[in-house]
Amino acid sequence: MTFAEQELKRSGGERLLDIGCGAGRNALPLVRLGWDVVGIDLSWPMLAAAANRANEHGLGRRIHVVLAPMERIPARDRSFDLVIAHGIWNLARSAAQFRRALEEGARVAKPGAGLFVFTFSRNPLPAQTEPVAGEPFVFTQFSGEPQCFLTEAQLDAELGRVGFLRDPSVRFHEYNLPKPGTLSTGRAPVIYEAAFRREP
């Protein structure tokens with residue numbers, strides 16, 4: 001059973017926020033599970049594609065797409081039972097933007113709401129790699145653009161600061177981690193997959 005399925009049964013709620021929903025790759029399966037999904041993104045063509053796909057599959061009434069940045073979510077406080085941040089927070093160009101995005105995610109999450117995170121790990125970057133001047137975890141070495149790469153401890157600390165604590169029932173996982181004794185090719189980032197829960 002997926003985390004989203006568990007949360008639907010656990011919370012008894014039905015409202016889910018998909019931050020950086022793109023063309024609805026995650027949103028549509030979540031609607032099929034039974035969630036009412038609000039998807040936000042900065043790309044209008046992607047949002048239009050998500051809405052069109054939902055309508056084509058008869059799911060248009062259960063998904064609402066909104067053009068909005070991750071650090072200014074147009075939703076009421078404590079209005080979502082589950083928040084999904086799949087490959088979006090790592091795109092923040094500064095720690096300040098990253099932290100505002102986390103604060104917004106925490107603001108709109110109900111007490112006890114789940115949070116599913118899929119974001120860049122610091123592990124693929126050599127230990128001597130320096131972040132952007134004045135930034136604790138923003139690097140340009142991977143793509144040439146500023147992106148956030150956090151250690152596991154930094155991710156826990158940043159989310160803990162806004163009231164999200166690690167869900168011990170869900171395994172913390174790292175994808176694309178090079179095998180011991182091998183070098184990273186730099187082609188694919190190492191990704192954290194983890195679940196957290198909003199403090200009551």
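Residues numbered from 1 in each chain as written. Predicted model: local features only at pLDDT ≥ 70, side-chain atom pairs only at ≥ 80, totals over all residues. Heavy atoms only, no water.

Colleague: Pulling in residues and values, what's your account of the overall build of the protein?
Modeller: On a plain count of helices and strands, the protein comes out with 5 helices and 10 strands. Computed over its C-alpha atoms, the radius of gyration of the protein comes to 17 Å, within 12% of the 16 Å expected for a compact globule of 200 residues. Each principal axis of the C-alpha distribution contributes one length, and for the protein these read about 50 × 35 × 30 Å. Put simply, of all contacts in the protein between residues at least 6 apart along the chain, 72% involve residues at least 24 apart. Carbon and sulfur atoms provide 53% of the accessible area of the protein, an area that totals close to 10,100 Å². (Helix = DSSP H or I, 4+ residues; strand = E, 2+ residues; numbered from the N terminus. Rg over C-alpha atoms; globule rule 2.2 N^0.38 Å. Contact = heavy atoms within 4.5 Å. Areas by Shrake-Rupley, 256 points an atom, 1.4 Å probe, with all protein chains shown as cover.)

Colleague: Lay out the pairing of strand E3 (residues 63-67) with the relevant residues and their values.
Modeller: Pairing geometry for strand E2 (residues 36-41) and E3, over 5 bridges, is parallel. Opposite aspartate 41, over in E3, you have leucine 67 as the bridge partner. (Pairing = 2+ DSSP bridges.)

Colleague: Mind laying out the packing of aromatic side chains, listing which residues take part and the relevant values?
Modeller: Each aromatic ring pair is described using two quantities: the centre-to-centre distance and the angle formed by the ring planes. Counting across every chain of the model gives 7 aromatic pairs. Ring centres of phenylalanine 118 and tyrosine 175 lie 5.9 Å apart, and the angle between their planes is 45°; this geometry places the pair in the tilted category. Of this pair, phenylalanine 118 sits in strand E5 (residues 109-120) while tyrosine 175 sits in strand E9 (residues 173-175); the two residues are 57 residues apart in sequence, bridging distant segments of the chain. Taking the relative accessible area as the measure of exposure, tyrosine 175 reaches 31% and is therefore partly exposed. Both rings, one in phenylalanine 120 and one in phenylalanine 149, keep their centres 4.9 Å apart while their planes meet at 35°; by these two values the pair is tilted. Here phenylalanine 149 lies in the loop between strand E7 (147-148) and helix H5 (152-161) and phenylalanine 120 lies in strand E5, a separation of 29 residues in the sequence. Each member of the pair phenylalanine 120 and phenylalanine 149 is classed as buried. Cluster of aromatic residues (ring-pair linked, three or more members): Phe120, Phe139, Phe142 and Phe149. (Phe/Tyr/Trp six-rings, centres within 6.5 Å; stacked < 30°, edge-to-face > 60°. Buried < 20%, exposed > 50% of the residue type's maximum accessible area, 1.4 Å probe, protein only.)

Colleague: Pulling in residues and values, what's your account of unusual backbone geometry?
Modeller: Backbone geometry follows two general trends: most residues other than glycine have a negative phi, and most peptide bonds adopt the trans configuration. Even without being a glycine, arginine 78 presents a positive backbone phi close to 50°. In this fold, arginine 78 is placed in the loop between E3 and strand E4 (80-86). Looking at arginine 78, the relative accessible area reads 57%, which means it is exposed. Non-glycine residue asparagine 176 carries a positive phi angle of around 70°. Residue position: asparagine 176 is located in the loop between E9 and strand E10 (191-198).

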